[in-house]
Amino acid sequence: MLHLSKSRYCSAVQCPKMLWLTKYRPEAFDAEAVNQAVLDRGNAVGDLAMGLFGPYVEVPFGDLSGMIAETERLLAAGTPVITEASFSYDGLFCSADILLNHGGGRVSVVEVKSATHLSEMNIHDVSYQYYVLTGLGYTVDRVSLCCLNAGYVRHGELALDQLFTLTDVTAKAQALQEEVAKRIAFLAEYMKQTSEPLHPIGEQCFAPYACAFFSYCTSSLPRPNIFDVSGLQTRARLNCYRKGIVSFPDIEASSALKPDKMMEIAQELHDLPPAIDREAIRGFLSRLTWPLYFLDFESFQPAVPLYDDTRPYEQIVFQYSLHYIDREGEPLCHREYLASPGEDPRRGVAEQLCRDIPRDVCTLAYNMTFEKTRIKALAALYPDLADHLMNIHDHIIDLMTPFQKKQYYTRAMRGSYSIKHVLPALFPDDPDLDYHRLEGVHNGAEASTAFEQMNRMTPEEQAACRENLLEYCGLDTLAMVKVWEKLREAAREPG
Ligand code: SF4
């Protein structure tokens, strides 16, 4: 008999081979492809949504038979709202996020998603639940999807009825019942195969979720290959792959990609010297003026708005690092800001930014769109600081430009102009610039998670976490200074 859970069913909708590999090659699963922060966020949103229909009773997580028995008991006792209500029908298991018990075998199902929009996969998810419940003889009055309302702006206490949006998808779930039955029958046969099914790489490997078996399924391809070319759209990669343009020599022979990508391929294949357009770099540097500031923000995006005047997933800056040099030959100075956990960091960031960066000075940011967007948002929030903040905003120049435009490219950048690739490519042997040596926080995602978790840490853990965050963000702007110096060096050389 086929044994299936709701999440396994959904993975099989994306690609049946995922299900097969989960059973027969579980060691091929790449856990790093799973974004734990996204899963944690989903759990937090799910917990909050449980209260949407008033008091509820949660079925405690445990062994399946225990959960199913407890659900039956709660239903029989007339409990009106049950969360994590669990069912099994013919080997098919599911837990409903919220089950509304109308009595007499009539129920409604609410599936909670932490996104701000619905996807086709969500419909497959609830269709499977509908199939299980009707198979067991329940009458399912309504199936709804509950997601976050992107337009909700918090004012005071959270208004759950406004934070969440309910969409009735009963008709869609009903319309898919035949497809669910056919898919389950197909999977029952499919999973009996003991030799690995063939399944070409395709769109299903990337969407709706990046498949955690991708490394395994592409392990027979030459390395590097078309899927290693950075910054390419999935469609462009698959077009090449389907035409047999897979290895880097294939790509070079076919000239299948745009000139900048072909240059990267040639660099990789022939180990060419760095491509440096010194004239263009001189032009870029001529726009910079003293004093020179180097700014980098760290932010987090709480799914549920934590502060007044914020929306779900709004970027909240909680930290910045700022290196600066007053004029040629002067020492490098540093300032920084890191909010305390639990407080709304925005006013503190905005005020100190205005104290730290004078008006009319040239500020460099790496990938400036982010810093500029956040500064503009702070200016809109604090009219008393808006003039100064917008002055900072208007004087930001993007240090990424020479790398994005391939005015400075080395093979070691591996086709990327992200500072995390550019820095080690320019300074391969400098341990002071190596993010790997840092404790705890090595990238922006880890910084966001660390700050979000600080609230729940002991004072000692908080102190260590603060130190890690300050060191990480400080390295980001120190890296920018070093990159700028490298550009100046390149501009000084003849050519
Ligand atoms: S990598 Fe692609 S083909 Fe392989 S299991 Fe995942 S989705 Fe299917």
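All figures in this text were calculated on a predicted structure; none of them were measured in a lab.

**A word on the overall build of the protein**
Right, on to step 1. Of regular secondary structure, the protein possesses 20 helices and 13 strands.
Right, on to step 2. Its C-alpha atoms put the protein at 80 × 60 × 40 Å along the principal axes.
Right, on to step 3. In the protein, of all internal contacts separated by at least 6 residues, the share reaching a separation of at least 24 is 67%.

**Section: the site of the ligand**
Right, on to step 1. Near the ligand you find Cys15, Lys17, Met18, Leu21, His199, Ile201, Gln204, Cys205, Cys211, Phe213, Phe214 and Cys217, and these make up its full shell.
Right, on to step 2. Secondary structure elements with two or more residues in the shell around the ligand: α2 (16–24) and α9 (214–217).
Right, on to step 3. With 3 residues, the single largest contributor to the shell around the ligand is α2.
Right, on to step 4. Looking at side-chain class alone, the shell around the ligand contains 9 nonpolar, 2 polar and 1 charged residues.

**Things to note about the domain arrangement of the protein**
Right, on to step 1. For the protein, the assigned domains are domain 1 (6–190), domain 2 (221–272) and domain 3 (281–492).
Right, on to step 2. The gap between the C-alpha centroids of domain 1 and domain 3 is 40 Å.
Right, on to step 3. Each side of the interface is counted separately: domain 1 has 16 residues, and domain 3 has 12 residues.
Right, on to step 4. By residue class, the composition of the side of domain 1 that touches domain 3 is 10 nonpolar, 4 polar and 2 charged.

**Things to note about the environment of Val180**
Right, on to step 1. Locating Val180 in the fold gives a position in helix α8 (residues 177–190).
Right, on to step 2. Assessed through the 21 C-beta atoms surrounding it within 10 Å, Val180 is described here as buried.
Right, on to step 3. For Val180, the residues in contact, after removing those within four places along its chain, are Ser127, Tyr128 and Tyr131.

**Considerations on unusual backbone geometry**
Right, on to step 1. In this model, Arg223 is joined to Pro224 through a cis peptide bond whose omega is -10°.
Right, on to step 2. The residue Pro224 is located in the loop between α9 and α10 (234–242) in this model.
Right, on to step 3. A cis amide bond links Trp290 to the next residue, Pro291, at an omega of -10°.
Right, on to step 4. By secondary structure assignment, the location of Pro291 is in the loop between α13 (278–285) and β8 (292–300).
Right, on to step 5. Phi is positive for Ser255, close to 50°, though the residue is something other than glycine.

**Description of the packing of helix α14 (residues 346–356) against helix α16 (residues 383–394)**
For any two helices packed against each other, one specifies the inter-axial angle together with the distance between the axes.
Right, on to step 1. Where α14 contacts α16, the two axes come as close as 10 Å, and the packing angle between them is 65°. In the packing of α14 onto α16, the handedness of the crossing is left-handed. Residues Ala350, Glu351, Leu353 and Cys354 of α14 form the contact with α16, whose participating residues are Leu385, His388, Leu389 and Ile392.
Right, on to step 2. By residue class, the composition of the contact of α14 with α16 is 6 nonpolar, 1 polar and 1 charged.

**Digging into the nonpolar core**
Right, on to step 1. Formed by 54 residues in total, the largest nonpolar core has its most connected members in Tyr320, Leu469 and Val483.
Right, on to step 2. Examining the composition of this core, we find that 11 residues originate from one element, helix α20 (residues 459–492), more than from any other.
Right, on to step 3. Excluding residues within four positions of it along the chain, Leu469 makes contact with Gln319, Leu338, Val441, Ala447, Ala450 and Phe451.
Right, on to step 4. Counting 51 residues, the second-largest nonpolar core is a separate cluster that includes Val81, Val110, Leu163 and Val304.

**A closer look at the sheet that holds strand β2 (residues 81–89)**
Right, on to step 1. With mixed pairing, the 6 strands of this open sheet are ordered in space as β1-β2-β3-β4-β5-β6. Each edge of the sheet is formed by a strand with only one pairing partner; in this case those strands are β1 (57–58) and β6 (164–168).
Right, on to step 2. When strand β3 (residues 92–103) meets strand β4 (residues 106–112), the two strands line up antiparallel, connected through 5 bridges. Looking at the pairing, Ile98 lines up with Val110 of β4.

**Here's the deal with the sheet that holds β8**
Right, on to step 1. The sheet built from 5 strands is open, its strands ordered β10-β9-β8-β11-β12 with mixed pairing. The sheet is open, and its two borders are formed by β10 (333–338) and β12 (396–398), each paired with just one other strand. Put simply, the sheet's adjacent strands are angled 25° from each other on average, direction ignored.
Right, on to step 2. Pairing of strand β9 (residues 316–325) with β10, which is carried by 6 bridges, proceeds in the antiparallel orientation. From the neighbouring strand, Tyr324 faces β10, where its bridge partner is Cys333.
Right, on to step 3. Along the sheet, helix α19 (residues 444–454) contacts β8 and β9; its crossing angle with β8, the most-contacted strand, is approximately 60°.

**Points about the environment of Asp434**
Right, on to step 1. Looking at the element boundaries, Asp434 is found in the loop between α18 (419–426) and α19.
Right, on to step 2. When the 15 C-beta atoms within 10 Å are taken as the criterion, Asp434 is described as partly exposed.
Right, on to step 3. Once the C-alpha coordinates of Asp434 and Thr71 are considered, the two residues, 363 residues apart in sequence, prove to be 53 Å apart.

**Here we look at the packing of α18 against α20**
Right, on to step 1. Between α18 and α20, the shortest axis-to-axis distance is 10 Å and the interhelical angle comes to 55°. Our classification of the angle between α18 and α20 gives oblique. Relative to α20, the crossing made by α18 is left-handed. Residue-level contacts link Ile419, Val422, Leu423 and Leu426 of α18 to Ala479, Val483 and Lys486 of α20.
Right, on to step 2. Its residues assigned to classes, the contact of α18 with α20 comprises 6 nonpolar, no polar and 1 charged.

**Thoughts on α18**
Right, on to step 1. Of all the positions in α18, only Ile419, Val422, Leu423 and Leu426 are classed as buried. Each buried residue of α18 sits inside an arc of 100° when the element is viewed along its axis, so together they form one side.
Right, on to step 2. Taken together, the buried residues of α18 touch α17 (401–404) and α20.

Rules of the game
- Residues numbered from 1 in each chain as written.
- Predicted model: local features only at pLDDT ≥ 70, side-chain atom pairs only at ≥ 80, totals over all residues.
- Helix = DSSP H or I, 4+ residues; strand = E, 2+ residues; numbered from the N terminus.
- Contact = placed C-beta atoms within 7 Å.
- Near = placed C-beta within 6 Å.
- Nonpolar A, V, L, I, M, F, W, Y, C, P; charged D, E, K, R; others polar.
- Domains from an automatic or database assignment.
- Buried ≥ 20, exposed ≤ 12 C-beta atoms within 10 Å, placed from the backbone.
- Axes fitted to C-alpha atoms, helices over the stretch in contact; angles between N-to-C directions.
- Left-handed = near helix turned anticlockwise from the far one by under 90°.
- Core = buried A, V, L, I, M, F, W, Y, C linked by C-beta atoms within 7 Å.
- Pairing = 2+ DSSP bridges.
- Parallel < 35°, antiparallel > 145°, perpendicular 65-115°, else oblique.
- Arc of directions from axis to C-beta.

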